[in-house]
Amino acid sequence: QVQLVESGGGLVQPGGSLRLSCAASGSIFSINAMGWYRQAPGKERELVATITSGGNTKYADSVKERFTISRDNAKNTVYLQMNSLKPEDTAVYYCNALLPSGVYEYEYWGQGTQVTVSS
């Protein structure tokens, strides 16, 4: 079993910053891509950022230049540094990890952490 545990969410004013963390634990030999997704009320879950085991990153256009994803492979942890936060960034943020198993790849999700941007 693999578990993803997020932390770091909360309430922040517009223009502020937050740093999310997600630690993977359990039966882990390696992790392929890790990422962050978010879901705002009444909207579908959307990709925020992903990072491969080699460090290649991808961002949603709406967060480029403001958010930075990074990971510590030794700790099986992924981070999301969020700067210049806007009210439209308000959502539940979910951590995602893709783990290889033979020719297959299994997807795991965290429980989510609330980020609220409001004055």
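Analysis parameters
Residues numbered from 1 in each chain as written. Predicted model: local features only at pLDDT ≥ 70, side-chain atom pairs only at ≥ 80, totals over all residues. Heavy atoms only, no water. Helix = DSSP H or I, 4+ residues; strand = E, 2+ residues; numbered from the N terminus. Rg over C-alpha atoms; globule rule 2.2 N^0.38 Å. Contact = heavy atoms within 4.5 Å. Areas by Shrake-Rupley, 256 points an atom, 1.4 Å probe, with all protein chains shown as cover. Salt bridge = Lys/Arg side-chain N within 4 Å of Asp/Glu carboxyl O. Buried < 20%, exposed > 50% of the residue type's maximum accessible area, 1.4 Å probe, protein only.

## Some points on the overall build of the chain
When helices and strands are tallied, the chain shows zero helices and eleven strands. Order of helices (α) and strands (β) in the chain, N terminus to C terminus: β-β-β-β-β-β-β-β-β-β-β. Compactness check: the chain gives a C-alpha radius of gyration of 14 Å against a globular reference of 14 Å for 119 residues, within 12% of the reference. Taken over the C-alpha atoms alone, the chain extends approximately 45 × 25 × 25 Å along its principal axes. Partitioning the intrachain contacts of the chain with sequence separation of at least 6 by distance along the chain shows that 53% fall at a separation of at least 24. As displayed, the chain offers around 6600 Å² of accessible surface, 47% of which is attributable to carbon and sulfur atoms.

## Topic: the pattern of salt bridges
The tally for this structure, following the rule as stated, stands at four salt bridges. For Arg38, the salt bridge is made with Asp89, and the minimal N-O distance between the two is 3.0 Å. Here the residue Arg38 occupies a position in strand β4 (residues 34-39), and Asp89 occupies one in the loop between β8 (77-82) and β9 (91-101), the gap between them amounting to 51 residues. Relative accessible area serves as the criterion here: at 1%, Asp89 is assigned to the buried category. Among the charged side chains, a salt-bridge network with shared partners connects Arg38, Glu46, Arg66 and Asp89.

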